[in-house]
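Each chain, letter by letter, is given below.
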Amino acid sequence: VEDAGKYHVELVMKSDELRVFVNGAGGAKVDTKGAEASATVLVGKEKLTLKLVPAGGNALSGGGKFDTRAGAKVVLSLALPGQPAVSGRFSVPAQK
């Protein structure tokens, strides 16, 4: 979980999907309907930029192919309706 502006954002990375959950103050879920978001995923020397789309409730998701065994760095850009864009940085540990 990392801070992105005034939001707390949890990132879940699988080998074929990136999912982000957005929470506000006190852990309140933030509706992502109408949100615009992207994630830049760096794995080793590979770089992939994904468009993330609302996935119901406080979730956003995007598909791709990731080598989760190597670990990754992810930079998130998030703009919720009527709010300024915010960003967050994540380090994803290597998965076995």
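All residue numbers refer to positions counted from 1 along the written sequence of the respective chain. Local features in this predicted model are restricted to residues of pLDDT 70 or higher, and side-chain atom pairs are both shown and tallied only at a pLDDT of 80 or more, whereas totals for entire chains, interfaces and linings draw on every residue. In computing side-chain properties, one takes all heavy atoms of the structure into account and sets aside hydrogens as well as water.

A. Region of the structure containing the overall build of the chain. Here a strand is any run of E in DSSP of at least two residues, a helix any run of H or I of at least four, and the numbering for each starts at the N terminus. Assigned secondary structure in the chain consists of zero helices and eight strands. In the chain, the succession of α and β elements from N to C terminus is β-β-β-β-β-β-β-β. The C-alpha atoms of the chain give 13 Å as radius of gyration, which agrees with the globular expectation for 96 residues (12 Å, within 12%). For the chain, the C-alpha atoms occupy an extent of roughly 35 × 25 × 20 Å along the three principal directions. Across the 96 residues that make up the chain, the buried fraction comes to 40%. Partitioning the contacts of the chain with sequence separation of at least 6, the portion at a separation of at least 24 is 54%. Under this rule, positive means Lys or Arg and negative means Asp or Glu; His and the chain ends count for nothing. Taken as the charge location is NZ of Lys, CZ of Arg, CG of Asp or CD of Glu. Between the mean site of the 13 positive side-chain charges and the mean site of the 9 negative ones, the chain shows a separation of 2 Å. Our radius of gyration looks at C-alpha atoms and nothing else; its globule reference is 2.2 Å times the residue count to the power 0.38. Partly exposed describes any residue whose relative accessible area lies between the buried limit of under 20% and the exposed limit of over 50%, with all areas from a 1.4 Å probe on protein chains only and scaled to the type maximum. Note on contacts: a residue pair is in contact if any heavy atoms of the two residues lie within 4.5 Å.

B. Seen up close, the pattern of salt bridges. A pair is scored as a salt bridge if a Lys or Arg side-chain nitrogen falls within 4 Å of a carboxyl oxygen belonging to Asp or Glu. With the rule as written, the count across this model stands at one salt bridge. We note a salt bridge from R19 to E17, for which the minimum N-O separation is 3.0 Å. E17 gets classed as partly exposed once you look at its relative accessible area, which sits at 22%.

C. View of the pairing of strand β6 (residues 59-63). A large share of β6 lies buried, amounting to four of its five residues. Alignment of strand β3 (residues 17-23) against β6, held across five bridges, turns out to be antiparallel. Bridged to V20 within β6 is L60. Strand pairing follows a simple DSSP-based rule, namely that at least 2 bridges must link the two strands. The sheet contact formed by strand β5 (residues 46-54) and β6 spans two bridges and is antiparallel. Note on β6: the bridge partner recorded for P54 is L60.

D. Broad picture of the pairing of strand β8 (residues 86-92). Taking every second residue as pointing to the same face, the buried face of β8 carries V86, G88, F90 and V92, while none of S87, R89 and S91 on the other face is buried. Where strand β7 (residues 72-79) hands over to β8, the hairpin turn is made up of six residues, of which G82 adopts a positive phi near 75°.

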